[in-house]
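Structural overview for review
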Amino acid sequence: MTAADRIGRWVGIFVRQAIVILATLLSLFPVYFMAVSAFKTKSEYIANKWGLPLAPILDNFSTAFAGEKFFIRFINSTVLTVGSVSISLIIACLAAYAFARMGFPGKRTLFNVLLSLMVVPPVVMVVPLFVSMVRLKMVNTYHGTTLIYVGLLLPFSVYLMTNFFRTVPREITEAARIDGASNFGVFWRIMMPLSAPAVITLIVVNALWVWNELLIALVFMQKDELKTLMVGITALRSKNYVDIPATMAGLLIATIPIVVLYMFGQKYFIRGLVSGAVK
């Protein structure tokens, strides 16, 4: 290897590392801004938006807790997140097993149609969904909004689980069938234990989306006692348009459950994301 080749190699390594560091800093900057702003007074925030707080305070958290029925909205977000993620996970796993291991007429067409729904933005479905929910008298109800979330989560969930199930060697399932296992027995005793990385990944990704979702919750949960945490924080921002530190405090609290969920599932998260990418 010549000197020019070595220099080019080191330059390439330096450029890649610089890009990674820059991308990391850009990703972490909103978190930094949210965290430092939550501990500033309004006057300090106006005078020093980007720096660390000189005298950290906790009054912003009291405002976020007391001013907008924080606990009620936290519970609402928890109910919707747990319900929609759980139901979509059960349906997606059963459907993915059928797509990956069972044969039935129209399987490929149905799977392609399901995949095509992944590119449809939820905003274009708000009006027809609202009309349907009004007719069914399911506006301002937990089960109505949960049903909408489940429908929006299913395309990606089925896609991820189907790809994972396809990576499981057929020899394992065939051996189970020789031992007398039924389709459901293979699914429950073989496929599900092996799919822990994909399941945990799906839980984290879907929970993150539902927890932070604003449009559906704003349209279909209009009663004040049914509003979610993100809707409540948005209302706080609109009402106190100069009290950004209180808004940042509410957002900081709202991120804690998702961070905790990711910390528990990070061992399997990357494995689940790349499952099905290679065989």
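Just so it is clear, the model here is predicted, and its values are computed rather than measured. (Residues numbered from 1 in each chain as written. Predicted model: local features only at pLDDT ≥ 70, side-chain atom pairs only at ≥ 80, totals over all residues. Heavy atoms only, no water.)

Turning next to the overall build of the chain. For the chain, the count of helices and strands is 13 helices and zero strands. Ordered by position from the N terminus, the helices and strands of the chain form the series α-α-α-α-α-α-α-α-α-α-α-α-α. Its C-alpha atoms give the chain a radius of gyration of 24 Å, more than 25% over the compact-globule value 19 Å for 279 residues. Oriented by its inertia axes, the alpha-carbon framework of the chain measures out at about 75 × 70 × 35 Å. Across the 279 residues in the chain, those meeting the buried criterion constitute 38%. Total accessible area on the chain stands at roughly 16200 Å², and carbon and sulfur atoms take up 71% of it. Averaging the locations of the 24 positively and 11 negatively charged side chains of the chain gives two centres separated by 7 Å. (Helix = DSSP H or I, 4+ residues; strand = E, 2+ residues; numbered from the N terminus. Rg over C-alpha atoms; globule rule 2.2 N^0.38 Å. Buried < 20%, exposed > 50% of the residue type's maximum accessible area, 1.4 Å probe, protein only. Areas by Shrake-Rupley, 256 points an atom, 1.4 Å probe, with all protein chains shown as cover. Lys, Arg positive; Asp, Glu negative; His and termini not counted. Charge placed at Lys NZ, Arg CZ, Asp CG, Glu CD.)

Within this model, the largest pocket holds a volume of roughly 380 Å³. P122, G151, L152, L153 and P155 are the residues nearest the centre of the largest pocket, which is lined by 16 residues in total. Listing elements by their share of the lining of the largest pocket, those giving two or more residues are α7 (142-167) and α10 (196-212). If you tally residues by element for the lining of the largest pocket, the top one is α7, at seven residues. (1 Å grid on protein atoms, 1.4 Å probe; cavity = no way out; pocket = protein on both sides within 12 Å on 5 of 7 lines; lining within 4 Å. Points joined across faces, edges and corners; volume = space filled by probe spheres on them.)

We now examine the packing of aromatic side chains. Remark: the centre distance and the inter-plane angle together describe each pair of aromatic rings, the angle taken between the planes. This structure, assessed with the given rule, holds 15 aromatic pairs. For the pair F29 and Y32, a centre-to-centre distance of 6.3 Å together with 35° between the ring planes defines the contact as tilted. Here the residue F29 and the residue Y32 both occupy positions in helix α1 (residues 3-37), the gap between them amounting to three residues, near one helical turn. For F29, a relative accessible area of 41% corresponds to the partly exposed category. The exposure class of Y32 is partly exposed, given its relative accessible area of 33%. Geometrically, the ring pair formed by Y149 and W209 is edge-to-face, given 5.7 Å between the ring centres and 90° between the ring planes. Here W209 lies in helix α10 and Y149 lies in helix α7, a separation of 60 residues in the sequence. Judged by relative accessible area, which is 1%, Y149 ranks as buried. When its relative accessible area of 33% is taken as the criterion, W209 is described as partly exposed. Joined through ring pairs, the aromatic side chains of F29, Y32, F33, Y45 and W50 make up one cluster. For the cation-ring pair, K49 lies above Y45, with the distance from its terminal atom to the ring centre recorded as 5.6 Å. (Phe/Tyr/Trp six-rings, centres within 6.5 Å; stacked < 30°, edge-to-face > 60°. Lys NZ or Arg CZ within 6 Å of the ring centre and 35° of its normal.)

Glancing now at α7. Its 26 residues place the ends of α7 36 Å apart at the C-alpha level, agreeing with the 38 Å of an ideal helix rising 1.5 Å per residue. Bending of α7 peaks at approximately 40° at the position of L154, with proline P155 no more than four residues after it. (Expected span 1.5 Å × (residues − 1). Bend = angle between axes of the 7 residues up to and from the residue.)

What follows covers empty space enclosed by the protein. Under the definition given, this model contains two cavities of 30 Å³ or more. Looking at the second largest cavity, the residues that line it are S77, L80, T81, Y149, V210, W211, E213, A217 and T228. Those elements giving two or more residues to the lining of the second largest cavity turn out to be α4 (70-101) and α10. With three residues, the single largest contributor to the lining of the second largest cavity is α4. Residues that form the lining of the second largest cavity fall into these classes: five nonpolar, three polar and one charged. (Nonpolar A, V, L, I, M, F, W, Y, C, P; charged D, E, K, R; others polar.)

Once the domains are mapped, the chain shows domain 1 (3-59) and domain 2 (69-277). Distance from the C-alpha centre of domain 1 to the C-alpha centre of domain 2: 31 Å. With ten residues of domain 1 at the interface, the matching set in domain 2 holds nine residues. Overall, the association of domain 1 and domain 2 removes approximately 760 Å² of surface from exposure, summing both partners, and the carbon and sulfur fraction of that is 84%. For the pair domain 1 and domain 2, the interface holds zero salt bridges. Counting every contact that joins domain 1 to domain 2 gives zero residue pairs in polar contact (both at pLDDT 80 or more). Secondary structure elements with two or more residues in the side of domain 1 that touches domain 2: α1 and α2 (42-47). (Domains from an automatic or database assignment. Contact = heavy atoms within 4.5 Å. Buried area = accessible area lost by both parts, 1.4 Å probe. Salt bridge = Lys/Arg side-chain N within 4 Å of Asp/Glu carboxyl O. Polar contact = N/O pair within 3.5 Å; in protein donor to acceptor, adjacent residues only side chain to side chain.)

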